[in-house]
Structures are given as C-alpha cells and as structure tokens.
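Each chain, letter by letter, is given below.
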Amino acid sequence: MTDTGHFLNQMRATAPLVHNITNYVAMNIMANVLLAAGASPAMVHALPEVEEFAGLAQALSVNIGTLDPDWATAMEHAAQVMVAAQKPWVLDPVGVGATRFRQQVCTRLLALRPAVIRGNASEIIALASLGAGSGGATGKGADSADPVEAAEAAARQLAASCGAVVAVSGPVDYITDGVDAWRVANGHPLMPRITALGCALNGVIAAFLVGQPALPATVAALAYYGLAGERAAQAAQAPGGFQAAFLDALYTLTPQDLSAGAKVARA
Amino acid sequence: MTDTGHFLNQMRATAPLVHNITNYVAMNIMANVLLAAGASPAMVHALPEVEEFAGLAQALSVNIGTLDPDWATAMEHAAQVMVAAQKPWVLDPVGVGATRFRQQVCTRLLALRPAVIRGNASEIIALASLGAGSGGATGKGADSADPVEAAEAAARQLAASCGAVVAVSGPVDYITDGVDAWRVANGHPLMPRITALGCALNGVIAAFLVGQPALPATVAALAYYGLAGERAAQAAQAPGGFQAAFLDALYTLTPQDLSAGAKVARA
Amino acid sequence: MTDTGHFLNQMRATAPLVHNITNYVAMNIMANVLLAAGASPAMVHALPEVEEFAGLAQALSVNIGTLDPDWATAMEHAAQVMVAAQKPWVLDPVGVGATRFRQQVCTRLLALRPAVIRGNASEIIALASLGAGSGGATGKGADSADPVEAAEAAARQLAASCGAVVAVSGPVDYITDGVDAWRVANGHPLMPRITALGCALNGVIAAFLVGQPALPATVAALAYYGLAGERAAQAAQAPGGFQAAFLDALYTLTPQDLSAGAKVARA
C-alpha cells in the first residue's frame, strides 16, 4: 500500500476541520489528540446548528458513547450532510451490544453509509449481527470481551453490506473493505487503560480520510496511533504518565518515523 | 476489621462493571481512576437505556454534580434497578446545600436506599438536615466549609435513618453505619486541588462494594485512595503533575502496599 | 496601571466562587485551572437551579462552545442574576462566526452587559459585526483565522457599544474598554495546542474581576495566564507534558513572579 508516512504528512498539511459528535468522557482527550496530531477539532451537537456546522467541516466522527435521543438525531443530520457533500464520516459504535437503544440508533446510522466503522471486536460482532436479528457479542461496556480474530468474518460481512471500511481494534488491528484486508501490529497494552483513547482514534481516522482513499488512510491512522502508544510506553509505564506521553508522541512523531515504525501487513 | 489489602485484591479479581451517572466535570477522570484501579467503568444516562444498562452492571455510582431534571430521573430509574436486584449503589450529594433543586432530588434518591453515601462535611450535614427541614451546612459549591468533626453526628443520624454506610471525606475521613465507626487518615492536601477526585472516589467505592460488606469495603476504598494520594505527593508537588502521579499510584499500588500503608482505626 | 501581582494576590485572598456555564470539552480543565490558580469553581446549568446558584457565586463565566438551546436560556438567566446584583460576568463567544444559532445567542447575551468579552480575533470580529448584519471574520471553529491586529478596531467598537472590556487573545493580546487599550505579550505557542485553555482563561478572568476594576484586572489575568504558559514551556516541549506543567505553573507562580514577569504595555 501507499507509504503510511505520506498520509500523516498529507493530514498535517491539510490540518482538516474535524466535526465530532462524541461522548462526554471522550470530548476533552479527543480534542487534545486531534490538536496534537495536527488537525483542528470542533464539538457541535445542537439541532439548530449541527447541519450548518457539518457543512463547514471536512470530516465527521460520530461516537455513541453517552448516547441520548436528541444526540442520535443530531448524528443522523450531520451524517446526511456529509454524505450529500461526499465528505467522509466515521462511526464508533461504543457498547452497541449492551442495549436495544444503541442497536436501534446504529441501525439508522449504518443506513447513512459511514466511510469507516471502527470498534473493538465485541462491537463489530454486535454491529454485523444487527441485520441478522441476533446478537453474538459478549461485550457489555466499552471493553471488548472477544478477541480480534473472532470478529474478522463479521468485519468483512459488515464492510460488504455497508460499503464501509471496517476496523477492529485490538492487540493486532484488522482492517478490511470487504475484499482487501490488512493487519496493524502497532500499539501497547496500556492504551486500553486510558479512557476514550479508542474514541479519540476515530477522530484521527476522520482527519486522515480527507482527500484520501479510505482503506490505506485508515491503516495509516491506526499505525500512527499505535506507534505513538509504543513511544509513550518508552517514557511512562503507568496510565497517568502514559496519557501525557502519548499526546507528546502524537505531536512529535514525524512522517519518517511512521514509515520506519509502522507494522503493517496484508492479512 | 478485615485486612484492607484483601478488598483491593478482590476488586481487581472481579474487575466489576461500574455504571456511573455522574457530572460532566468528573466523567473523564472518573473513568481513568476506575481503569487505573482495575475496574471497568461505563457512563450511561439516557432514559431509553439506563435501566437496561443498570441490569448489566455490578454496581452503580450516582453523582449530582451537574444535575439536570432528566438526569435526576435517570438516576432514580437506575437506582431502582440496583436495589431490586440487590446490587449496591453509591450516592455523591455534590453541593446539596446550595439549591432547593438539589435537596429535592436528594430527598428522592435517599428513599431508594443507597448502600453508601460519601460527601464532604458540608454535604453530609446538609443531607442529614433534609428531613429536619432546616439546613445547617455552610458549603456553597463542591468545596466544604465545615470540618469533618462537625459532621460526625449528622453522619451517624443519616446512616441510621437511611440504612446506609455514610463516609465524610476530609483530612481524616469518618465512616459509619450508624453503629460502628472508623477513621481513615490516609490522603494528601493536594487531592482537593484536583477537580473531581472526590467524585471519582465514589466510583472506586462502588467497585469495592461488589460482593463485600459495605462498611469495611468502604473503609478499604478510602484507605486505598488516600494512600495513592500520599504516593503521588512523593512524585509531584503541584496539581498538574500530581494528577498523573495519582493515576499511576492507583495502578501500581498492590494489596500488600495497602495493608502496610492503610491508616485505619476504629473511631 | 496597578501592579499585576496585586490582582493575583487579591484573587487568591478572596478565593472567589466562580460559576461557570461552559462547554463539555472545557469543563474539567477549566475547573482544574481555577483550582490551581486559587479560586473555587462550580459548574451549574440546569434551569431549576441556575439562578439560585448564580445568587451564591461572586462571578460568572459563560462559554458557548458546545451550545444547546436550553443551555443558552440558562446562560441568560444566570447573567441576569449577576447584572441585577452588580456582580461581574464574562463572555467567551466560541466559534460565533460559524453558525446563525451562535450569532442569535450572542446577540441576546450581549444585551445583558458582560463585564468582559474575551475571544480570538475571528470571534471578536464576528461579534462586532453582529449589529452590522454582515460577518467579516473567517474563523470556522475554535481556532482563529485572523491576526490580533485585524481585530483591534472591532474590539474598540464592541467595547464602546457594549460597555464591556474586550480582550483579543493571540501571540500578543489586545485589551480595551473602548478608550484605553493595553497589550500583553506573555504566552507560548503551545498554548493553543491544548484544547480549552482559552475557555479556561475566561474563568480566571472572572475570578480576577471580583471587587476589582475590569480593565486592569483583565490585563493582570492575561499576563498571569501567559506567564504560566512561559513557565510550562521551560518544563515541557510537547502538549501532554505541557498541560500538566501549565497547571503546576498556575499553582506555583507568586504575585512577585507575576509583577516581575508581566509583559504589559499601553497600546
């Protein structure tokens, strides 16, 4: 695939305005992650302005973490604006296996053709099974109870049925458009110990997508994120220090570092 | 009482799913505190799903910091689920002395029999005086204007009338079930200088309560939290660095450390 | 003007209760900034209690970052309480140029006579042009697309028409009451790379205003904040470490440090 460093370079040169409709836990760290990476984040959700703002943004990320009916409506309105303008949007189906409300909202969001869906294995399995009418995933909250391998078939099926790139996060990520598939082995076990780092990754994916093909851009975003986690772990071995070191690594990593450190392989 | 380290060990072995309905200020640090301690946090508040999610969780923490009428209803619904299933829930009556709205909401929540109520001295005094129809506390915001000693009688009265364990946070914490009482002398003066560390403590108490008797589990949670603050202060002397060092200490403290460092005594 | 250190000394001696109605991204860091500086923050927005709480606070900061119709109403109610009691309130018109909804809300808020308005250049230009019926600013999100110099005339006009002190943040800040004007050259380029530091500054301004004349108190608050940024940059060169070091600097800076380090000059 195209060199991963190229995508980081392009993202920083564009410094895209990324519109995020995300959960309360993630808002601050997500904005800091996007700023450290080199993008321009904005959080806007109110119905009187969400469509107008989506019209200004270059990409959208939607996250159902602390979902609410009004916010779900705002997500749909913003996604419709993006799709109509052929701008990319990314879905993070947090805890979709946990409640019927999340499943209903995700069913509506999937119909709006996200460019990329990223979640943990339990979430991708639950999402793929929405049409089938039976949940197969065991995750209850934001943490996955299934290994990545168990979600690969679900990811391919979901990608094929939605026309989206689907990424399964885990120790080794799996990314597919339903035909091609890649693995990204960058990352560190401390990353899931900091809340909302997964959520924030979806904003980075959205930033990488601007003007780029979805599959290699997503692969590059995951490699960049995971490599920053590896760098952070060299500086800090516990979650408080790790979070600061992670933001520092996102900020200081160069495209050359990424090209040299990316652990990307065709699946 | 049972060895404090035992409770930390049990909590980490269980890694309980803790459902939090908390304020916007606390959400991120509360999730990070619970992850660092070894629990699995989730923040869910919407009326269409809050009861279903409470059914999945092993414990619930409720915090009225940035209260809203819809959120107050969600707190009641979730607490009812917990009580019906004999699962523990914890109340943090933030700023209850400040407004009539907070007093009305807390009156309704107290009727739902929390397992533990934890607040600062002003909050516990205000809460105990709700039934009496007269406020005796002087605190206006999240900061206490009363010393712990001034709240001990109120704590015993509140514990007896509600059937809850009541914990008063301060330089030396006071914890009572209305009959027995304990003091925990762990902690550090920088802790109240970091926002929402008190709020996040209630999530930790909820995690410690799973499968354990409420009084010693609460005492152990407070000792663990305060000891982490003491450790953090060895690494950092100002609030920015302290916050990171505190999360690190929650993560690295062992049950053995806790048993050795807990400053717990019968009152 | 009066010595800047004097204002820091007075603020810490008062430790004012600052009521904040602010955006979800800013809430945690804003509370931590106010605590580190020496004030007492509270976040309260619900309509059943926002006026009662405003009655307890010594100053109010209003920020339209993640605006919502109900929150806009709460902002108006709280501002009315402050004005009626001759207590100061501060407006942060985040992204006012981006949507009509923000412009409508700001038009209503400006009529309630804020003591201080602080924003970036694009926001101040957009705000000044609200009455004129034509937008002149180019900023889309929270980041400014205009230099401070381009906003000076708009700042003077806005100050004169509203009776407010207007502060334009940037590499060199510009502060005016419509007659006098000052520049503050403290600060560091990493500051806009941490989300919501600008938002949190408005809380600090509100704290500095209590019992003090608005123009020199605002100048002192900006100098204090910028000097803390300079100190932080001596300890950390990337945004994760910088955020912690910035809170530490707010906490450790003395009035004497501020008097010695303030780069304040009449414009």
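Residues numbered from 1 in each chain as written. Chains lettered and ligands numbered in written order. Predicted model: local features only at pLDDT ≥ 70, side-chain atom pairs only at ≥ 80, totals over all residues. Heavy atoms only, no water.

A. Local environment of the overall build of chain A. Helix and strand content of chain A: 11 helices and nine strands. Radius of gyration (C-alpha) of chain A: 17 Å, near the 18 Å computed for a compact globule of 267 residues. Taken over the C-alpha atoms alone, chain A extends approximately 45 × 40 × 35 Å along its principal axes. For chain A, the share of sequence-separated contacts (at least 6 apart) that also reach a separation of at least 24 residues comes to 70%. Accessible surface, chain A: about 8,400 Å² in total, of which carbon and sulfur atoms supply 51%. The positive charge centre, built from 14 side chains, and the negative charge centre, built from 19, are 4 Å apart in chain A. (Helix = DSSP H or I, 4+ residues; strand = E, 2+ residues; numbered from the N terminus. Rg over C-alpha atoms; globule rule 2.2 N^0.38 Å. Contact = heavy atoms within 4.5 Å. Areas by Shrake-Rupley, 256 points an atom, 1.4 Å probe, with all protein chains shown as cover. Lys, Arg positive; Asp, Glu negative; His and termini not counted. Charge placed at Lys NZ, Arg CZ, Asp CG, Glu CD.)

B. Region of the structure containing the packing of aromatic side chains. Residue and element names in this part refer to chain A. According to the stated counting rule, one finds 18 aromatic pairs over all chains in the structure shown. Consider the rings of F208 and Y224, whose centres lie 5.7 Å apart with planes at 35°: the pair is tilted. On the criterion of sequence distance, the pair formed by F208 in helix α8 (residues 197-209) and Y224 in helix α9 (residues 214-235) is long-range, its members being 16 residues apart. On the accessibility criterion, F208 (1% relative accessible area) is buried. The class of Y224 is buried, set by a relative accessible area of 0%. (Phe/Tyr/Trp six-rings, centres within 6.5 Å; stacked < 30°, edge-to-face > 60°. Buried < 20%, exposed > 50% of the residue type's maximum accessible area, 1.4 Å probe, protein only.)

C. View of the relation of the copies chain B and chain C. Mapping chain B onto chain C leaves a residual RMSD of 0.0 Å; the transformation is a rotation of 120° accompanied by 0.0 Å of translation along its axis. Overall, the copies show the geometry of a three-fold rotation axis. No C-alpha of chain B lies nearer the rotation axis than that of Y24 of chain B, which sits 3.8 Å from it. Here only 4% of the interface residues in chain B have copies in chain C that are interface residues too; the copies meet through unlike faces. (Least-squares fit on C-alpha atoms with pLDDT ≥ 70 in both.)

D. Region of the structure containing the pairing of strand β6 (residues 165-169) of chain C. Residue and element names in this part refer to chain C. Of all five residues in β6, five are buried, a share of seventy percent or more. Of the two faces of β6, the one holding V165, A167 and S169 and the one holding V166 and V168 are both buried throughout. As defined by bridge partners, β6 adjoins strand β7 (residues 173-176) across three bridges and the pair is classed as antiparallel. When the bridges of β7 are listed, V166 appears paired with T176. Where β6 hands over to β7, the hairpin turn is made up of three residues, counted between the paired strands. (Pairing = 2+ DSSP bridges.)

E. Looking closely at the relation of the copies chain B and chain A. In the superposition of chain B on chain A (RMSD 0.0 Å, axial shift 0.0 Å), the rotation amounts to 120°. A share of only 4% of the interface residues of chain B reappears at the interface of chain A, consistent with the copies meeting through non-equivalent patches.

F. Structural view of the sheet that holds strand β1 (residues 17-21) of chain B. Residues and elements named next belong to chain B. Strand order in the open sheet formed by nine strands is β2-β1-β3-β4-β5-β6-β7-β8-β9, and the pairing between neighbours is mixed. In the strand order of this sheet, the two ends are held by β2 (40-43) and β9 (264-266), each with one partner. Shown here is a sheet whose adjacent strand axes are inclined to one another by a mean of 20°, direction ignored. Across the sheet, helix α6 (residues 121-128) lies against β4 (89-92), β5 (116-120) and β6 (165-169), angled at about 125° from β5, the strand it touches most. (Axes fitted to C-alpha atoms, helices over the stretch in contact; angles between N-to-C directions.)

G. Region of interest: the side chain of D146 of chain A. All names here are of chain A. Within the element layout of this structure, D146 appears in the loop between α6 (121-128) and α7 (152-162). On the basis of relative accessibility, which here comes to 18%, the residue D146 falls in the buried class. Within polar-contact distance, the side chain of D146 engages the side chain of S122 at 2.6 Å. (Polar contact = N/O pair within 3.5 Å; in protein donor to acceptor, adjacent residues only side chain to side chain.)

H. Region of the structure containing helix α10 (residues 239-252) of chain A. Under the 1.5 Å per step criterion, the end-to-end length of α10 of chain A is 19 Å for 14 residues, consistent within 8% with the ideal 20 Å. Turning to α10 of chain A, its buried residues are P239, G240, G241, F242, Q243, A245, F246, L247, A249 and L250 of chain A. (Expected span 1.5 Å × (residues − 1).)

I. Spotlight on the interface of chain B and chain A. On the side of chain A, 27 residues touch chain B, which itself brings 25 residues to the contact. Carbon and sulfur atoms supply 59% of the area buried between chain B and chain A, which totals about 2,300 Å² over both sides. Applying the counting rule to chain B against chain A returns two salt bridges. A salt bridge links R100 of chain A to E52 of chain B; the shortest N-O distance between them is 3.7 Å. Scanning the region where chain B abuts chain A turns up 10 residue pairs in polar contact (both at pLDDT 80 or more). (Buried area = accessible area lost by both parts, 1.4 Å probe. Salt bridge = Lys/Arg side-chain N within 4 Å of Asp/Glu carboxyl O.)

J. Broad picture of the confidence of the model for chain A. Looking at chain A as a whole, its pLDDT mean stands at 95, while 94% of the residues score no less than 70. Scoring the predicted complex yields pTM 0.96 and, for the interface, ipTM 0.95. (pLDDT = per-residue confidence, 0-100.)

K. Summary view of the packing of α8 of chain A against α9 of chain A. All names here are of chain A. Running from N to C, α8 and α9 point in directions that differ by 135°, and their axes come no closer than 9 Å. On the basis of the axis angle, α8 is oblique to α9. Crossing angle aside, the handedness with which α8 passes α9 is right-handed. Judged by residue contacts, L197, A200, L201, V204, I205, F208 and L209 of α8 engage A214, A217, T218, A220, A221, L222, Y224 and Y225 from α9. For the contact of α8 with α9, the class distribution of residues is 14 nonpolar, one polar and no charged. (Parallel < 35°, antiparallel > 145°, perpendicular 65-115°, else oblique. Left-handed = near helix turned anticlockwise from the far one by under 90°. Nonpolar A, V, L, I, M, F, W, Y, C, P; charged D, E, K, R; others polar.)

L. Geometry of the UniProt feature "binding site: ATP" (unreviewed entry) in chain A. Residues and elements named next belong to chain A. Here the UniProt-annotated "binding site: ATP" (unreviewed entry) positions come out as R118 and S169. Taken together, the annotated residues stretch across 52 residues yet fold into one region, lying no more than 7.1 Å apart by C-alpha. Mapping R118 onto the fold places it in strand β5 (residues 116-120). Among all residues touching R118, those that are not within four sequence positions of it are L91, D92, P93, I124, A167, S169, G198, C199, L201, N202, I205 and L222. By relative accessible area, S169 is classed as buried at 18%. (UniProt positions renumbered as here; feature names shortened; annotations may be inferred.)

M. Seen up close, the UniProt feature "binding site: substrate" (unreviewed entry) in chain A. UniProt's feature table lists "binding site: substrate" (unreviewed entry) at M43 and A196 of chain A, given in the numbering used throughout. Residue position: M43 of chain A is located in strand β2 (residues 40-43). When residues no more than four places from it in sequence are discounted, the contact partners of M43 of chain A are N20, T22, M27, M30 and A31 of chain A together with V25, G65 and T66 of chain C. Take A196 of chain A: it is sitting in the loop between β8 (181-184) and α8. Judged by relative accessible area, A196 of chain A falls into the buried class, the value being 9%. If near-sequence neighbours (up to four positions away) are discounted, A196 of chain A is found in contact with V25, A26 and I29 of chain A.

N. Up close: the interface of chain B and chain C. Contact residues are listed per partner, giving 27 residues for chain B and 26 residues for chain C. Our enumeration of links across chain B and chain C arrives at two salt bridges. Counting across the chain B and chain C interface gives 10 residue pairs in polar contact (both at pLDDT 80 or more). Looking at the side of chain B that touches chain C, the elements that each hand over two or more residues are α5 (100-110) and α10 (239-252) of chain B. No other element matches the four residues that α10 of chain B contributes to the side of chain B that touches chain C. Considering only residue class, the side of chain B that touches chain C consists of 12 nonpolar, nine polar and six charged.

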